[in-house]
Amino acid sequence: MLNRSLSTFMNAFTASDYTLYPFSTQNPKDFQNLLSVYLDAAFFPCLRQLDFWQEGWRLEHENPTDPQTPLVFKGIVFNEMKGAFTDNERLFSQHLQNKLLPDHTYAVISGGDPLSIPDLTWEQLKQFHATHYHPSNARFFTYGNFPLEQHLKQIHEEALTKFHRIEPNTAIPVQQLWDNPREHHVKCGSDSFATDPTKQTIISVSFLLTDITDTFETFTLNLLSSLLVGGPNSPFYKALLEASLGTDFSPDVGYYPFSVGLNRIAEVEEIEDCPNNIARTIDEVLSEKGFEEERIELLLHKIESRMKASSLSSFGTCPDIKSCLSYFLPIKYIASCWNHEGDPVELLKIADKVTQFRQHLKENPTFLQEKVKQYFKDNPHRLTLSMSPDESYYEKQAKLEAEKLKQKVNTLSEEEKKQTYEKGLELIALQSKPQDTSCLPALKVSDIAPTIPFTELEMAFAADEIPVQYCAQPTNGMVYFRAVSSLNTLPEELKPYVPLFCSVITKMGCGALGYREQAQQIELKTGGMSVSPHIIPDDSHLDAYEQGVLFSSLCLDRNLPDMMHLWSEIFNNPHFEEEEHFRVLVKMTAQELSNGIPDSGHLYASVRASKTLTPAGELQEMFIGMDQVKLMKRIAEMSDIKPVLRKLPRIKKYLLNSDNMRCSVNATPQQMSQASKEIENFLKGITRSKKERKPVRPHVIEKSPEPVPVGRERLNCSQITRKLITEPTFKPCQMKTHFLLPFPVNYVGECIRTVPYTAPDYASLQILARLMTAKFLHREIREKGGAYGGGATLSHSGIFTFYSYRDPNSISTFSTFEKAAEWAQSGEFAQQDIDEAKLAVFAAVDAPIAPSDKGMNHFLNGISDEMKQRHREQLFAVSSDHLIDVANKYLAGGKSTHGLAVLGPENPHIAKDPSWVKR
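S.K.: Which residues make up the overall build of the protein, and what are the values?
M.R.: Along the protein, the regular secondary structure elements total 34 helices and 27 strands. Against the compact-globule benchmark of 29 Å for 919 residues, the protein has a radius of gyration of 28 Å, which places it among compact chains. Expressed along its principal axes, the backbone C-alpha trace of the protein runs to roughly 85 × 70 × 60 Å. Here the protein holds 919 residues, and the buried ones make up 54% of them. For the protein, restricting intrachain contacts to residue pairs at least 6 apart in sequence, the fraction spanning at least 24 positions comes to 80%.

S.K.: Could you give an account of the side chain of R583, naming the residues involved and the relevant values?
M.R.: Mapped onto the fold, R583 is located in helix α22 (residues 579–609). Excluding residues within four positions of it along the chain, R583 makes contact with M638, S639 and I641.

S.K.: Report on the environment of L741, specifying residues and quantitative values.
M.R.: Relative to the elements of secondary structure, L741 occurs in the loop between β22 (736–740) and β23 (746–753). Each C-alpha atom of the pair L741 and P905 lies 5.3 Å from the other, and the pair is 164 residues apart in sequence. Ignoring any residue separated from it by four or fewer positions in sequence, one finds L741 in contact with S192, F193, I597, L903, G904 and P905.

S.K.: Pulling in residues and values, what's your account of helix α7 (residues 215–229)?
M.R.: Counted at 1.5 Å a residue, the expected span for α7 with its 15 residues is 21 Å, and the 21 Å between its end C-alpha atoms agrees. Of all 15 residues that make up α7, 13 are buried, and the element is covered over most of its length. Phi for G231, located one or two positions after α7, is positive at around 80°.

S.K.: How would you summarise the sheet that holds β22 if you had to cite specific residues and measurements?
M.R.: Taken together, 6 strands build an open sheet; the order of strands is β24-β25-β23-β26-β22-β27 and the sheet is mixed. The sheet is open, and its two borders are formed by β24 (789–794) and β27 (916–918), each paired with just one other strand. When strand polarity is set aside, the average angle formed by the axes of neighbouring strands in this sheet is 15°. Note: β24 against strand β25 (residues 799–807), 6 bridges, orientation antiparallel. Among the inter-strand pairings, A792 is bridged to a residue of β25, identified as F802.

S.K.: Could you give an account of the packing of α7 against helix α11 (residues 293–309), naming the residues involved and the relevant values?
M.R.: Two elements in contact, α7 and α11, have axes whose closest approach is 10 Å; the angle formed by their N-to-C orientations is 120°. In terms of their interaxial angle, α7 and α11 are classed as oblique. The handedness of the crossing between α7 and α11 comes out as right-handed. Counting all contacts with α7, which are made through F219, L223, S226 and L227, the residues of α11 involved are R295, I296, L299, L300 and I303.

S.K.: Kindly report on the nonpolar core, identifying the contributing residues and their values.
M.R.: By size, the foremost hydrophobic cluster in this structure holds 109 residues, and its most contacted members are F236, F376, F481, W567, F582 and L683. The residues touching W567, leaving out its near neighbours within four places in the chain, are F481, T506, M529, S530, V531, F551, S552, S553 and F682. Counting 51 residues, the second-largest nonpolar core is a separate cluster that includes I767, L768, F800 and A843.

S.K.: Residues and numbers for the sheet that holds strand β11 (residues 382–389), please.
M.R.: Strand order in the open sheet formed by 5 strands is β7-β11-β8-β10-β9, and the pairing between neighbours is mixed. The strands lining the two open edges of the sheet, one partner per strand, are β7 (182–188) and β9 (248–249). Packed on one face of the sheet, α22 meets β9 and β10 (258–265) and runs near 95° to β10.

S.K.: So what about the pairing of β22? Which residues, and what values?
M.R.: Among the 5 residues that make up β22, 4 are buried, leaving the element largely enclosed by the rest of the structure. Bridge analysis of β22 against strand β26 (residues 898–904) gives 5 bridges, and the strand direction is parallel. Note on β26: the bridge partner recorded for T737 is A901. In this structure, β22 lies alongside β27, joined through 3 bridges in parallel fashion. Across the sheet, residue H738 finds its bridge partner in β27, namely K918.

S.K.: Can you tell me about unusual backbone geometry, naming the residues and giving the values?
M.R.: Non-glycine residue N476 carries a positive phi angle of around 65°. Here N476 lies in the loop between β13 (466–472) and β14 (478–486). Looking at N476, the relative accessible area reads 33%, which means it is partly exposed. One non-glycine residue, N660, adopts positive backbone phi at about 50°. As for its position among the elements, N660 is in the loop between α26 (647–655) and β17 (661–667). Take N660: its relative accessible area is 39%, and that puts it in the partly exposed class.

S.K.: Could you give an account of the packing of aromatic side chains, with specific residues and numbers?
M.R.: Tallying each qualifying case throughout the model produces 32 aromatic pairs. Residues F207 and F258 carry aromatic rings whose centres are separated by 6.4 Å and whose planes lie at 40° to one another, so their mutual orientation is tilted. Of this pair, F207 sits in strand β8 (residues 201–207) while F258 sits in strand β10, and the two are 51 residues apart along the sequence. Accessibility classification places F207 together with F258 in one group, the buried group. Look at W567 and F571: their rings are 6.4 Å apart centre to centre, the planes differ by 80°, and that puts the pair in the edge-to-face class. Here F571 and W567 lie together in helix α21 (residues 560–572), a separation of 4 residues that amounts to about one turn. For W567, a relative accessible area of 0% puts it in the buried group. In textbook terms, an aromatic cluster arises when at least three aromatic residues are bridged by ring pairs, as seen for Y21, F23, F31, Y38 and F146. Taking NZ or CZ as reference, R662 lies 5.2 Å from the ring centre of F859, over its face.

Reading the values: rules and limits
Numbering of residues starts from 1 in every chain and runs along the sequence as written. Where local features are concerned, this predicted model is filtered to residues with pLDDT of at least 70; where side-chain atom pairs are given and counted, the filter is 80 or more; whole-chain, interface and lining totals use all residues. Derived side-chain values reflect all non-hydrogen atoms in the structure, with water molecules and hydrogen atoms excluded from consideration. Going along the chain from the N terminus, every DSSP run of H or I of four or more residues is numbered as a helix, and every run of E of two or more is numbered as a strand. Our radius of gyration is a C-alpha quantity, and the globule rule it is checked against amounts to 2.2 Å times the number of residues to the power 0.38. Note on exposure labels: buried denotes an accessible area under 20% of the residue type's maximum, exposed denotes more than 50%, and partly exposed covers the range between, all computed with a 1.4 Å probe on protein chains only. Every residue pair with non-hydrogen atoms within 4.5 Å of one another is taken to be in contact. Here the expected span of a helix is defined as 1.5 Å times the quantity of residues minus one. Strand pairing is assigned whenever DSSP detects at least two bridges linking the two strands. Only the stretch in contact is used when fitting a helix axis, every axis being a line fitted to C-alpha atoms; angles between N-to-C directions are given from 0 to 180 degrees. We call two directions roughly parallel when the angle between them is under 35 degrees, roughly antiparallel when it is over 145, roughly perpendicular when it lies between 65 and 115, and oblique otherwise. Crossing handedness: left-handed means the near helix sits turned counterclockwise from the far one by under a right angle, and right-handed means the same turn made clockwise. What is meant by a nonpolar core is a set of buried Ala, Val, Leu, Ile, Met, Phe, Trp, Tyr and Cys residues, joined one to another through side-chain atoms within 4.5 Å. Ring pairs are drawn from Phe, Tyr and Trp, using the six-membered ring of Trp, whenever the two centres fall within 6.5 Å, and their geometry is named by plane angle: stacked under 30 degrees, edge-to-face over 60, tilted for the rest. Criterion for a charge above a ring: Arg CZ or Lys NZ at most 6 Å from the ring centre, at most 35 degrees from the ring normal.

So this is what it looks like as structure tokens:
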């Protein structure tokens, strides 16, 4: 259905106590189609497919011609879970839940323990589905402006009337509270990017709190948790992180259940210190007068900001259902509470909860302290969980896997081996056949709107010469501010440290505010302030790009002067004196980067593979690739961090000024006058360079965007230019890199240099990437190869990327990429396939844009609505001949420069190949 729909989101999630099937779309007919298919998926699965896969586990012969050869196992879910548990934080979280709630469904791994998956029988799976995946055990949630009556009618006719009501008996009893605290220790794999190999232990103390269906109590405890662990002013931040016991909080810190602890500690020396510090901190909270009123107010302010920033009135413009419900309506929380017979409507009444909370505080000044005593001091249902690495962890897992396979094979009779072999052949034959999707509903390309609505923008100059883009939108009382500052004059030796500078610049203190006061003011007066690297390839030339830093923030309209004052202080008077606090931030940043690899390994592989294909590629690898991960690891390991700290004020001189800056504001029309005054004051108040700095790289071109519509007139934007770096002598070259990591699965990327956004072939390559993913790569990489996922994409930079993740293969996956190119060149696809690929591409192109993000494509990327409309027309015009042509022109061997990268375990084929760089 991803290829037959204009959905803005479509997926399925499995948790310990529910499976969730969310989808969203802006098209009424599409909504009916998707609802029909999702009802079928939930209640009428393809049993024949289940028969073959048995929840992702498949037996197949290494040598199909010899039924006596050992069996090997492959499976999508099997490799998914193997990959999932290479993430030590996820493994820790899994054990925490299993051990804190040991009596019921939460004691097992909902996705499947890899070594237990082969024990699942077809009959068990079938029986489980018949009981649990039944309308009698289902709940339905819809949001939007399509008529509800039609949804209810369709659900009734297509699902409810086709089943007899049953009693599934799926209610989960309340976990019995313990009489005494418990302790548990587990092992995990070692982390290649640990800043200190002797400090890889994680420890936490977790408390089972109230029943999830008590909505006010959970609201109160959620706020209390934030007071205890949120930000540098919280008691546990001071007691644990600033005591330099660990690099960061333990996984799942905070609510629900409440958990607090440390990551990256020494097992022997510090494993006792953390629980003692936690107990001592709880006592200190109880002995003090209570939490500061200002900290409570800032949390309530945060709730108000988030309610306005993602209010129900704007959910229909969210890009997907998860981000729509990410703030105060987390859909997974709704599902969990509802599954326990809680009232989902009560969860929506956030304003009522705030009022009730204020009333309790007014009537009882010790209200929160009493909760601390009840749930933390006097609560015996407390788990101390620790996890430390074992150098041979993955070897032991592989051995257990091999033993399980041997055991399974040895229990098979000769006849059963023959049957398994024949089923394997049957499965391969089935997978190789084109799927008959004629039974599925589909939209037509003609259902896609031929034109896009244009966003009205206003351009002005503030402080005499700094361009500002104003976009009036229904932002619900919020103001969104962004600014881009150029990196063109920054010395090359400072560039690798730009991401670190971005990470810490809003957390070190500024002006009269120390870092604690700064954090408090940011929370009290804004909805967040962030700084990030900004690398944007040119839309018409592969070897030109813009380099800079993006500043972003949002606030309630009444707080705009305060927010802009904070930016002024950050620009003019940032603090760089707190060495120990800087060290804490460095270790936390390095830890976050290391933790992100198991979930985003294919992205790291793709960034690395594209490094030598364009001039911007090298900077991308430096800023967001494995080079940045390794740099942060080295910095975090430094005994003397002062040399790095001294680089920050040097970077500040080049970045935190109004030279080569541009700004944007999204707000309601009524707020624009005040916003323009505040932006003017901000820009006049920040420093400018006393002398003109020349770009470090001499080849800079100035590029003006297309004129922007302003009502019925057009503003002359000839003065609004971007200064792009270009390298006329750049020559792309191939690089193949293998990052050796102790993972049992691979993350694979292959990148190809093609054409920029405005080139006529770009639209054809964009359609081709989707077509190859849906009609070739999904089948070959996921269904046959056993990887959890894979496909092809075309980036705005003109880099065509093949990728796979949680993949048991690597070299054979590269061969599959080659075959995919050959398949595209052969033209073995029908017009229906092309139409489906167009639907999928347009679903992404036409994804709804929140009011806060309107006009951002123009501001950040230089792409106007006129350019997007031309690109739209090119997408409509793509034909079979165009697809074959671009496949031959760019994807055929030797036609374009390729880059390859793998993150994963030792590989004998790569080890013997001198063309690979091993890292």
